Amino acid sequence: MRFCPECAAVVPGDAAFCPTCGAALEEAASEAAVAEVSAGAIDDIDSLRRELADSLAPQYEILKLLGQGGMGAVFLAREPALRRLVAVKILAPRLAADPTARARFSREARSAAAISHPNVVRVYGVGETAESGLPYIVMQYVEGSTLSEWVRKRGKVSEREARRVVGHVAAALDAAHRRGLVHRDIKPANILIEAESGHAYVADFGLTAALTAGDATETTRLTTPGVMLGTPVYMSPEQAGTKPVGPKSDLYSLGVVAYELLTGELPLTAGTVLGWAAAHLRDTPSSVSERRTEISADVARLVDRCLAKRPEDRPDAQEMARGLLPTLETEIEWPPPGLGPLHSRARTLARVALATAAAVLLVALALTFPPEVVGVDGNWWERFEALREVSGSALGVRSEVTEEAAGGRPWLWEGLLVVGLSAFGIGLVVLALLSRRVWTLLARSRRLGWRWWTLIDIAVDPDGRNGLLISGAREFASLPVPSRGEVLQARRIQVGAQLGAGLWVIAALGLWAWAVVAEAASLDGSGPVLGLPVWLLVVLPAGFVGGVGMAAGLRESRRVRPLPRRRAYAAPVAPLEADSGTEEVASWYASLPDGSSPASVSRGWLGPAIGGAWLGGTLVSLLVLVALAEVVGAALVAGRVVRRLGPDTAELVATLDRISVLDPLRAAREVAAAYLPGREPVGESTSVEWARRLMAHVAGPGSPPPYGQGATLLAGPGGSRLAAALRAAQSRLPADTARLVEELAQHPRTALFRRLAGAADVDLFAAALERPLTSYDSLGQLPQPGYPRLGEAGRANGWAAVLAVYRGQHDRAAARLGENAAFAEHLLRVPTEFAGRYAVIMLRELTLLPLAELEELRGNAERADELRAIAEQLHEHLIAEFWATGMAGLAANPENDSRLVEALRSPRLPPGYRVEGLNGGWRGFCANAREILSGPSSRRRSTVLVAAESMTSAGHALALGNLTAETWERRLKVSPAGSTWLGRAGERVGLGVWKRLQVCAAGS
């Protein structure tokens, strides 16, 4: 009968390899010490038993023979003192004289004794028999069988059983490797399985190599250079190539055992010792998952890694144990003690930052692409030319905004701005509160000694598995250390990119808004508030950073997707203990797989520094919110102003176009010129004095008294009443009416009116001033002229014409009406819209229409029709309510001011209308969000002042233009010019924006 020289198992006589351990029998038989092994290798087993019993007595009692082989025999013994069974292994007498065999036997005892691990067969003692000096080892008795026999009895092994067995072996090897020992002969014959518990034990450390320099010399003496040690079927490529071996060599052998255990087949095939060596060095085995598809991916990957040709690509024993024995013993506490409140806080912070960034991007999108209806580019008023007939309006038509004309739904745009700004404000508040909590946790954790990377990994952990990644436990045990590091890094990058992208958008748009409101950025022009270049400058870097985060997420997904997912993780929320010291921190770091040393405690300034940074960030966020609110407010106010000005501007442009063709004012003045009285120079001081007396609110020294009972005829519109009175006066005039008319015609106020009408040069505007115009600081200080009293006198003079017709004095009536035309000429030179309106009213109501009736009475029907037609044109084009708003609309875009300049310089308009347009030229900035933010542009000021200088036909136009500019500039400033630095600083930091918003909102 033949025995295997490696495992002492009985083998068939013609076998080339041991069916139990796979050892090459030919190679083993060639060794000098075990050349021919047979059943008679130990000639007298009974004598050997008696000799061993005598040597062990009385501590041990030999019970029976467990087995024998070429290397020796194993007996079962009992230790009475401890009432336990032990196994006693004794070297065969033939080998006892061989120094190499004795040294190998002794090394097995020393190596096993040096390792204290529940999965290593323990050695209780060593010695030699007293009679023959045969060495023996007393060791732990494992009641069971070798792994080979265990598998033959069970048949197919389940994954769970395989994980337990291989995990136990890996844990034993980890203990050996930590002691600096390499087994070098891991195979099924050297793995014992306890029958009752299924516990696996590693035995036979006879080929163990020491990793220390001292043991290396002895190892060299016990082995022959260039000779393969180990069992060919299970040896590593290093052993097959007769190269130095290390701990990873045992992992290769264990991988072969695990492969065979899981699939029932060896990963490689060969027929000779050299063939096996070549296979281990050259061939790549099929994956475990290909041989047995139901095996877990993480287990299959772990076994496949063990079979890597390069040692550095294989896991170590600790990784293998953690991957196959999913117990708390292989994991670290995660989150570490007291850090539960920090778990996943960075991810929450990143999500809030992204949501806040999305809100501000919504605002930026609306500012970059506003609806057409709120823009003032080009001839923007043309989109408001959807006109419909409206009775009672000046032209009989009226503009109205429709959805088609508006080019969109402005309410939707306004809603986006309001919702986006509100969400941005809420997001900033939440971000500030969360960041404060995170910074506080970080500061307290650092004071306790936790490292930054540890805190970061806790804060970015999405599923509670970063601890498993760090320790390489459970499903991550199959991942090599570099891959686990890549997953951790990908998670950090992913959260960092999300946080960075969100904060970049917030910071970039906030910086832009702050630059705008602080007037550090020029925004002249009529385009969107936020131009496309700024939008791209904000979005492209954020998109790049976000892309980096997505790439990191994909990289993590590729690594983690094949692994089983863990259930939702709920981190403990135990508060941090400030007085716990660093012992617990040091203990946690010591439990890490790499045995990291304790962290150093941070300096005391960290907390205040983080607190100061948070406070500064919060203040900056508040300023950003205020600045963006001002920008949004400017856009909303400008949009509403544009929609308010649009219809009036469209009507004004249509009116100006018709006036440019018909010129009704020129026609009215030309036809009235035939009735004008002769002009006499009376001197400027005299005419001013007469005008002041006539415009006085109450009668004073030298001022004519008010109209008495005849004032009842002056109430209401006078044009139609005078025309009707002229027709009636041809036939009859009631006595009481004639008396009242006579009173009006001879009243001192009417006489003073006639004298002013006949004066050559009358400055009614100067007459209304209390002091020189240059001494006024603003338009609001100018006194309101008494133009209603001038109109009252004009109507009284018209009734004088009625009295003349009643008396048959048609020429005298024409003279009275000509005096009204002359006074209208004086009013046309007054640089106010109010005076211009009165001038047009006096021309139409008190001159042209009564003259038409007078010419009808004279029999000049054609002349009468001409006068009526001109009066009607004058009414349609100049008696309108949209002049002020229309002029502001023409000034909405300072870069497109040609229509405004044309209107301000047009001689077809009354000077008062044009001078009022100067005020509209400033008011138009409210339709331009850019100018609300940065103030009226220099182009606007230049346009208004140049136009005022060109109005030579309007008295005081240039002075009023300068006064208008000063009024608006003072009105839009936070404090008067020359104020303290605080007022100027307030203007710069955006308070001026709120001032302009208030002014424009009040007018909208």
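Look up a bit, the structure's there.
Residues numbered from 1 in each chain as written. Predicted model: local features only at pLDDT ≥ 70, side-chain atom pairs only at ≥ 80, totals over all residues. Heavy atoms only, no water.

**Brief notes about the nonpolar core**
Formed by 166 residues in total, the largest nonpolar core has its most connected members in Phe823 and Leu827. Broken down by element, this core gets its largest block of residues, 19 residues, from helix 22 (residues 606-662). Residue contacts for Phe823: discarding those within four places in its chain leaves Leu694, Phe753, Leu756, Ala757, Leu764, Leu790 and Met842. With 78 residues, the next largest nonpolar core counts Val165, Ala171, Tyr201 and Leu268 among its residues. (Core = buried A, V, L, I, M, F, W, Y, C linked by side-chain atoms within 4.5 Å. Buried < 20%, exposed > 50% of the residue type's maximum accessible area, 1.4 Å probe, protein only. Helix = DSSP H or I, 4+ residues; strand = E, 2+ residues; numbered from the N terminus. Contact = heavy atoms within 4.5 Å.)

**What about the pattern of salt bridges?**
A full pass over the atoms with the stated rule returns 45 salt bridges. With its nearest N and O atoms 2.2 Å apart, the salt bridge here joins Arg643 to Glu414. Residue Arg643 is found in helix 22, and its partner Glu414 is found in helix 16 (residues 410-448); the two are separated by 229 residues along the sequence. On the accessibility criterion, Glu414 (10% relative accessible area) is buried. Shared partners join several salt bridges into a network, and the residues in it are Asp461, Asp463, Arg465, Arg491 and Glu556. (Salt bridge = Lys/Arg side-chain N within 4 Å of Asp/Glu carboxyl O.)

**Quick notes on the sheet that holds strand 11 (residues 200-202)**
Taken together, the 3 strands give an open sheet; going across it, the order is 8-10-11, and neighbouring strands pair in antiparallel fashion. Two strands lie at the open edges of the sheet, namely strand 8 (144-146) and strand 11, each paired on one side alone. The sheet shows a mean angle of 25 degrees between the axes of neighbouring strands, direction not considered. Inspection of the sheet shows strand 8 paired to strand 10 (residues 191-194) by 3 bridges, in the antiparallel sense. Among the inter-strand pairings, Gly144 is bridged to a residue of strand 10, identified as Glu194. Contacts from helix 5 (residues 147-154) reach strand 8 and strand 10 within the one sheet, and its direction differs from that of strand 8 by about 105 degrees. (Pairing = 2+ DSSP bridges. Axes fitted to C-alpha atoms, helices over the stretch in contact; angles between N-to-C directions.)

**A closer look at the packing of helix 12 (residues 297-306) against helix 13 (residues 317-324)**
Geometrically, a packed helix pair is captured by the angle between its two axes and the distance between the axes. Relative to each other, helix 12 and helix 13 sit at 160 degrees, their axes nearing to 10 Å. As judged from the angle between their axes, helix 12 and helix 13 are roughly antiparallel. When you trace helix 12 past helix 13, the crossing you get is left-handed. Of the residues in helix 13, those in contact with Val299, Leu302, Arg305 and Cys306 of helix 12 are Glu319, Met320, Gly323 and Leu324. Here the residues of the contact of helix 12 with helix 13 are counted per class, giving 5 nonpolar, 1 polar and 2 charged. (Parallel < 35°, antiparallel > 145°, perpendicular 65-115°, else oblique. Left-handed = near helix turned anticlockwise from the far one by under 90°. Nonpolar A, V, L, I, M, F, W, Y, C, P; charged D, E, K, R; others polar.)

**Considerations on the environment of Ser435**
Topologically, Ser435 is positioned in helix 16. In this structure Ser435 comes out as buried when scored by relative accessible area, which is 11%. Note: C-alpha distance between Ser435 and Trp614 (179 residues apart in sequence) is 7.5 Å. Discounting chain neighbours no more than four positions away, the residues touching Ser435 are Leu349 and Trp614. A polar atom in the side chain of Ser435 sits 2.9 Å from the backbone oxygen of Ala432. (Polar contact = N/O pair within 3.5 Å; in protein donor to acceptor, adjacent residues only side chain to side chain.)

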